[in-house]
Amino acid sequence: MHHIRVARTAQHLAVRAITLRGLAHPLTLALLAAAATAAAQAWDAGHQVADIHPAGTAQKARRG
């Protein structure tokens, strides 16, 4: 579960940086890279994308 928490936090920080500083800002780019790395580590640890993005799971349940 540690990988999921780290990936979600990194993604949240990256989105906040995009909102506050814009997509091309160096801090934003660094945070996006950190979020991608955290997501890759979670994937390598055996977690699925739906574990990091639970909203996608809820959308599938509504469709199916």
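Note: the structure precedes this text.
Residues numbered from 1 in each chain as written. Predicted model: local features only at pLDDT ≥ 70, side-chain atom pairs only at ≥ 80, totals over all residues. Heavy atoms only, no water.

S.K.: Just to check I follow, could you spell out the overall build of the protein for this structure?
M.R.: What the protein contains, in helices and strands, is four helices and zero strands. Evaluated residue by residue, the protein yields a buried proportion of 17% over its 64 residues. Of the contacts formed within the protein by residues at least 6 apart in sequence, a portion of 54% connects residues at least 24 apart. Roughly 4700 Å² of accessible area belongs to the protein as shown, and the carbon and sulfur atoms make up 63% of that amount. (Helix = DSSP H or I, 4+ residues; strand = E, 2+ residues; numbered from the N terminus. Buried < 20%, exposed > 50% of the residue type's maximum accessible area, 1.4 Å probe, protein only. Contact = heavy atoms within 4.5 Å. Areas by Shrake-Rupley, 256 points an atom, 1.4 Å probe, with all protein chains shown as cover.)

S.K.: Sorry if this is basic, but what is going on with a nonpolar patch on the surface here?
M.R.: The grouping of Ile18, Leu23, Leu29 and Leu32 at the surface amounts to a nonpolar patch, some 330 Å² of accessible area in total. Looking at where Ile18 falls in the secondary structure, it is placed in helix 1 (residues 2–21). Overall, the relative accessible area of 32% leaves Ile18 in the partly exposed class. (Patch = residues over 30% accessible without salt bridge, like charges linked within 9 Å, V, L, I, M, F, W, Y side chains within 5 Å. Salt bridge = Lys/Arg side-chain N within 4 Å of Asp/Glu carboxyl O.)

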